[in-house]
There are 2 protein chains.
Amino acid sequence: MTEIERKLDSNGIRPTAMRILIYKYMAEKNNALALTDVEQAFQKAERTTLYRTIKTFEEKGIVHQIDDGTGVLKYALCEPGCNCEIDRDLHLHFHCNSCDKTICLTQHKIPHINLPEGFMAEDANLVVKGICDSCSAY
Amino acid sequence: MTEIERKLDSNGIRPTAMRILIYKYMAEKNNALALTDVEQAFQKAERTTLYRTIKTFEEKGIVHQIDDGTGVLKYALCEPGCNCEIDRDLHLHFHCNSCDKTICLTQHKIPHINLPEGFMAEDANLVVKGICDSCSAY
DNA sequence: TATTAATTGCACTTCTGTTGCATTGCTTAT
DNA sequence: ATAAGCAATGCAACAGAAGTGCAATTAATA
């Protein structure tokens, strides 16, 4: 039983060949992926399978969904410190306007926001757009 | 020449009957609207017309687009202090999980975010989700 | 091994955003 | 005042992503 199989298994996900491959692929990338990205990488597999696999990952809490404002949903593996389900202390995401990649800044938490009377925060989503470190290096 | 006509005219938008109606409708609402919302309100008009009208408003800087994470784009009139085009000091938006409305918190600016080395911010989008003042009153 | 449940593949549907083109309506110069 | 020209609108259709129903296959378990 490999590392990944154990990971899936311990989260109540049956470690099928497909799922292991998809998990491995997502783990290799350091940026959030759209369904189409995964589709490109696994052209032999059905879109629906990939879709449902990622949704399963999400339900089981090992992947979180990101809306980076591009109109396409992105997904990224939850890393240590991600805490996307446990508390409201959510990390922020960065979208590069140059290379179009979206990355999780797991260490960077969303600062506390003061809301007007009567408003109660349950969740927050902060996407900063600009130029990422790779692109600014040139 | 009415208030609205002057507003449109001074922003380089020809004040047609349709546009005046749409502007008036958006001004009445205190929350951001999706295209379908406007569509519901003007069932006699074409979707395309509404779409292009709002896009025109956006281009001319009297409306700003909001991605509240629901997957549907919302639009809201720019109010004094909105500054959506001028500087990067953007205000935040609140999405109510109960009534599903999205509102601009024009007075509440996005706090400064420290980014890792090499990252440069150009823009930011912060959506706080929770219960709005109307819904929490019950 | 037989039974049962979960996973995958295929075909569609829906929804939103968007564009091309013909037509209508408004502006302006003659 | 009228014709020419441009902007606005209506109609039709397309594109892309998200999501669903169902049959077929695969894996787990008794």
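In this text, all values refer to a predicted model and were calculated from it rather than measured experimentally.

What follows is about the overall build of chain A. Looking only at helices and strands, chain A features five helices and six strands. Taken from the N to the C terminus, the helices and strands of chain A come in the order α-α-β-α-α-β-β-β-β-β-α. Each principal axis of the C-alpha atoms in chain A carries an extent, and together these give about 50 × 40 × 25 Å. Of all 138 residues assigned to chain A, the portion counted as buried reaches 42%.

With that out of the way, let us pick up the relation of the copies chain B and chain A. The two copies are related by a screw motion: chain B maps onto chain A through a turn of 179° and a shift of 0.0 Å along the axis, at an RMSD of 0.2 Å. Within this description, the copies of the chain are treated as partners about a two-fold rotation axis. Minimal C-alpha distance to the rotation axis in chain B is attained by B:L126, lying at 2.2 Å. A shared binding surface is used by both copies, with 100% of the interface residues of chain B retained as interface residues in chain A.

Residue and element names in this part refer to chain A. With four of five residues buried, strand β2 (residues 63-67) lies mostly within the body of the structure. Relative to strand β3 (residues 73-77), β2 is paired through five bridges, and the arrangement is antiparallel. Among the inter-strand pairings, D67 is bridged to a residue of β3, identified as L73.

To continue, consider the protein's contact with DNA strand D. Among the 19 residues in the neighbourhood of DNA strand D, the closest are listed as A:Y51, A:R52, B:T16, B:R19 and B:T49. For DNA strand D, the backbone makes up 67% of the atoms found within 4 Å of the protein, where backbone means sugar plus phosphate. One nitrogen or oxygen atom from the side chain of B:E46 is found 3.3 Å from a phosphate oxygen belonging to DNA strand D. Between DNA strand D and B:T49, the relevant distance is 2.7 Å, taken from a phosphate oxygen to a side-chain nitrogen or oxygen of the residue. Going through the elements one at a time, α3 (35-41) and α4 (47-59) of chain A together with α2 (17-28) and α4 (47-59) of chain B are the ones with two or more residues in the surface near DNA strand D.

Once that is clear, we can look at the UniProt feature "binding site: Zn(2+)" (unreviewed entry) in chain A. Residue and element names in this part refer to chain A. Look at the UniProt record and you will see "binding site: Zn(2+)" (unreviewed entry) annotated at C96, C99, C132 and C135. The largest pairwise C-alpha distance within this set of annotated residues, which runs over 40 residues, is 8.2 Å, so the set is compact in three dimensions. Considering the arrangement of structural elements, one finds C96 in strand β4 (residues 91-96). Beyond its immediate stretch of four places on either side in the chain, C96 contacts K101, G130, I131, C132 and C135.

Attention shifts here to the packing of helix α1 (residues 3-10) of chain B against α2(B). Residue and element names in this part refer to chain B. It is the contact of α1 with α2, at a shortest axis distance of 10 Å, that shows an interaxial angle of 105°. The pairing of α1 with α2 is recorded here as roughly perpendicular in orientation. Side by side, α1 and α2 meet where I4, E5, K7 and L8 of the first sit next to R19, I20, Y23 and K24 of the second. Broken down by class, the residue content of the contact of α1 with α2 amounts to four nonpolar, no polar and four charged.

Topologically, B:K129 is positioned in strand β6 (residues 120-131). Notably, B:K129 is buried but unbridged: the nearest opposite-charge side chain belongs to A:D123, and the N-O separation is 5.5 Å. When sequence neighbours within four positions are dropped, the list of residues in contact with B:K129 reads A:M120, A:A121, A:E122, A:D123, A:A124, B:D68, B:G69, B:F94, B:H95 and B:N97.

Around DNA strand C there are 18 residues in total, and A:T16, A:R19, A:T49, B:Y51 and B:R52 lie nearest to it. Note that a base oxygen of DNA strand C is positioned 2.8 Å from one of the side-chain N or O atoms of A:R52. One of the backbone N or O atoms of B:L73 is found 2.8 Å from a phosphate oxygen in DNA strand C. When residues of the surface near DNA strand C are traced back to their parent elements, those giving at least two are α2 (17-28) and α4 of chain A together with α3 (35-41) and α4 of chain B.

Glancing now at the sheet that holds strand β1 (residues 33-34) of chain B. Residue and element names in this part refer to chain B. Strands sit in the order β1-β3-β2 across an open sheet of three strands; the sheet is antiparallel. Because the sheet does not close on itself, it has two edges, and the strands there are β1 and β2 (63-67). Relative to strand β3 (residues 73-77), β1 runs antiparallel, the two sharing two bridges. Note on β3: the bridge partner recorded for A34 is K74. Together, β1, β2 and β3 form the strand contacts of α2, whose direction differs from that of β3 by roughly 90°. Strand contacts of α4: β2 and β3, with the helix running at about 105° to β2, the strand carrying the most contacts.

What counts as what
Residues numbered from 1 in each chain as written. Chains lettered and ligands numbered in written order. Predicted model: local features only at pLDDT ≥ 70, side-chain atom pairs only at ≥ 80, totals over all residues. Heavy atoms only, no water. Helix = DSSP H or I, 4+ residues; strand = E, 2+ residues; numbered from the N terminus. Buried < 20%, exposed > 50% of the residue type's maximum accessible area, 1.4 Å probe, protein only. Least-squares fit on C-alpha atoms with pLDDT ≥ 70 in both. Contact = heavy atoms within 4.5 Å. Pairing = 2+ DSSP bridges. Near = heavy atom within 4 Å. Polar contact = N/O pair within 3.5 Å; in protein donor to acceptor, adjacent residues only side chain to side chain. UniProt positions renumbered as here; feature names shortened; annotations may be inferred. Axes fitted to C-alpha atoms, helices over the stretch in contact; angles between N-to-C directions. Parallel < 35°, antiparallel > 145°, perpendicular 65-115°, else oblique. Nonpolar A, V, L, I, M, F, W, Y, C, P; charged D, E, K, R; others polar. Lys, Arg positive; Asp, Glu negative; His and termini not counted. Salt bridge = Lys/Arg side-chain N within 4 Å of Asp/Glu carboxyl O.

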